[in-house]
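Coordinate analysis (summary)
Listed below are the residues making up each chain.
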Amino acid sequence: MAIINHMMKKIDTDVSNLKQGLHPQNLSYWYDKIIKETIEMAPPWLQDKIKVHQDPVLTMKFNLDISKRAVRYFMIVVDNNLDDMPYSTKLYFLKVQEIMSIEMDKSLV
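Residues numbered from 1 in each chain as written. Predicted model: local features only at pLDDT ≥ 70, side-chain atom pairs only at ≥ 80, totals over all residues. Heavy atoms only, no water.

So, on to the nonpolar core. Grouped together as the largest cluster of nonpolar side chains are 24 residues, with contacts concentrated most on Y31, I34, I66, F74, Y92, F93 and M100. Elements with a contribution of two residues or more to this core: helix 2 (24–41), strand 1 (50–54), strand 2 (62–66), helix 3 (71–81) and helix 4 (87–108). A total of six residues in this core trace back to one element, the largest contributor, which is helix 3. Excluding residues within four positions of it along the chain, Y31 makes contact with V52, F62, Y92, F93 and V96. (Core = buried A, V, L, I, M, F, W, Y, C linked by side-chain atoms within 4.5 Å. Buried < 20%, exposed > 50% of the residue type's maximum accessible area, 1.4 Å probe, protein only. Helix = DSSP H or I, 4+ residues; strand = E, 2+ residues; numbered from the N terminus. Contact = heavy atoms within 4.5 Å.)

Before going further, it helps to spend a moment on helix 2. Between the first and last C-alpha of helix 2 there are 25 Å, a value that for 18 residues agrees with the 26 Å anticipated at 1.5 Å per step. Of all the residues in helix 2, the buried ones are P24, N26, L27, S28, W30, Y31, I34, I35 and T38. (Expected span 1.5 Å × (residues − 1).)

Inspection of every chain in the model, using the stated rule, returns five aromatic pairs. Relative to W30, the ring of Y29 lies with its centre 5.2 Å away and its plane at 80°, an arrangement referred to as edge-to-face. The exposure class assigned to Y29 is partly exposed, which follows from its relative accessible area of 47%. By relative accessible area, which is 6% here, W30 ends up buried. Between Y31 and Y92, the aromatic rings sit 6.1 Å apart at their centres with planes inclined by 90°, giving edge-to-face as the arrangement. Here the residue Y31 occupies a position in helix 2, and Y92 occupies one in helix 4, the gap between them amounting to 61 residues. Each member of the pair, Y31 as well as Y92, is classed as buried. Here the aromatic cluster, defined as three or more aromatic residues joined through ring pairs, consists of Y31, F62, Y92 and F93. (Phe/Tyr/Trp six-rings, centres within 6.5 Å; stacked < 30°, edge-to-face > 60°.)

What follows is the structure in structure tokens.
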């Protein structure tokens, strides 16, 4: 019985950690961190063209307002921060990168 209780507690902890990684406050923290580092990395003429806005009603919705020329800096910063993120947040930002790559490919065609 002790093994089952231990396993249930571990599963509960794992699920709680996964849920925490997708809380709007957590995503907002990572967006702020990534945008700040992207602005630091980008050349001065691109720094004012890198912004993110969180929807006040749909708190899981973020509008990334970024110049096409600054996308590569954003991608680099996301890659640099992936190891520090919780698992579910990491998956979220990997999906953001995938969507941005697809959109950039569309603009090249």
